[in-house]
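An overview of the molecular structure
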Amino acid sequence: MSSCPRVFATDFDGTLLRSDHTLSARSVAAISAAESAGCLVVVVTARPPRWMDEFRAQVGAHGLVICGNGSFVYDAHGGTVVEEHPIDRATVLEVVGLLRAALPGTAFALEGRSGMAAEDAFVAIPGPSGEPVRDTRRVGPLETLLDEELPGKLLARHPATALDEFLVRAAEVVGDRVQLAYSGAPGLAEMTARGVTKAVALQRWCAEHGIQAGDVWAFGDMPNDIPMLAWAGRGYAVGNAHPQAVAAASHRCGRNDEDGVAQVIEEALRQRTAPTR
């Protein structure tokens, strides 16, 4: 395995971003240095495409972002979604019906390529900061929201059930109809189409470009990063990672607030340019 990979694939929140959700100047410089050296930095995130404008503004016309836990591929050069893997309408309605029956009060939202649409009940549930959801482009009954576009992600929240219990019970209800993931967003169950994950999307893109797993170093912090960390030639869990992500990773690096990803990139580039004796 090379001392410097062809691809650095990194999660965003909790990994590349600091705890205040900012991208440090050091991380920006490390990404630029890696790409100048001929490596590619691929962001692989649960975030939807609409939340990547700030990243583009800080880093510039960066190339590839895998969004929505693998449901979207976003071209930052053009600011457009170039590939999507939505959940079909019948599956959305089946899963919603099952969750409503098993966990009354569950509220839903849809993430599509053009933004989020949500039920009134979903918008009304306060977020982690106590504020209601404010960035929806359309609010109404879920069945009518599906008329416009199919979602890459189906989101579910419950106003009275503890997060861990909600995720466990939701997973039992939906089974393998969809892919349920936990990215660290408090109180939120995130569902993509069956088989759609960060790891699958990254593997598919790498295969299309002739890149082997051994030429990829991946970074993450949460359970939804585990398959990606396990697949890559090197899987780095940041110092603040969830215990399950730590167990799945082959390597460790500094915390997100210590710019752990940037530290690894910098050292890899130094090793690459160091004179041989």
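To start, this report covers the structure provided alongside it.

Procedures and definitions
- Residues numbered from 1 in each chain as written.
- Predicted model: local features only at pLDDT ≥ 70, side-chain atom pairs only at ≥ 80, totals over all residues.
- Heavy atoms only, no water.
- Helix = DSSP H or I, 4+ residues; strand = E, 2+ residues; numbered from the N terminus.
- Buried < 20%, exposed > 50% of the residue type's maximum accessible area, 1.4 Å probe, protein only.
- Contact = heavy atoms within 4.5 Å.
- Areas by Shrake-Rupley, 256 points an atom, 1.4 Å probe, with all protein chains shown as cover.
- 1 Å grid on protein atoms, 1.4 Å probe; cavity = no way out; pocket = protein on both sides within 12 Å on 5 of 7 lines; lining within 4 Å.
- Points joined across faces, edges and corners; volume = space filled by probe spheres on them.
- Nonpolar A, V, L, I, M, F, W, Y, C, P; charged D, E, K, R; others polar.
- Expected span 1.5 Å × (residues − 1).
- Arc of directions from axis to C-beta.
- Polar contact = N/O pair within 3.5 Å; in protein donor to acceptor, adjacent residues only side chain to side chain.

**What to know about the overall build of the protein chain**
When you go through the protein chain residue by residue, the secondary structure sums to 11 helices and 14 strands. Within the protein chain, buried positions represent 50% of all 277 residues. Sequence separation of 24 or more characterises 57% of the internal contacts of the protein chain that already satisfy a separation of 6 or more. When the accessible area of the protein chain is evaluated, it comes to approximately 11700 Å², of which 52% is carbon and sulfur surface.

**Structural notes on the layout of surface pockets**
The computed volume of the second largest pocket comes to approximately 290 Å³. Contributing to the lining of the second largest pocket are 17 residues, with Leu180, Ala181, Tyr182, Pro223 and Asn224 lying nearest its centre. Only helix H7 (163-174), strand S10 (178-181) and strand S11 (189-193) provide two or more residues apiece to the lining of the second largest pocket. The element best represented in the lining of the second largest pocket is S10, accounting for 3 residues. Residue composition of the lining of the second largest pocket, by class: 7 nonpolar, 7 polar and 3 charged.

**Regarding helix H4 (residues 89-102)**
Note that an α-helix has 3.6 residues per turn; residues three or four places apart therefore point the same way. Helix length check: H4, at 14 residues, gives a terminal C-alpha distance of 20 Å against a target of 20 Å (1.5 Å per residue), a fit within 8%. For H4, the full list of buried residues reads Thr91, Val92, Val95, Val96 and Leu99. Taken around the axis of H4, the buried residues stretch over an arc of 125°, which confines them to a single face. Along H4, exposed side chains directed more than 90 degrees from the buried face belong to Ala90 and Ala101. For H4, the secondary structure elements touched by its buried residues are strand S6 (107-112), helix H6 (142-145), strand S9 (153-157), H7, S10 and S11. Here H4 starts with a cap whose side-chain oxygen sits 3.2 Å from the backbone nitrogen of Ala90, and that cap is Asp88.

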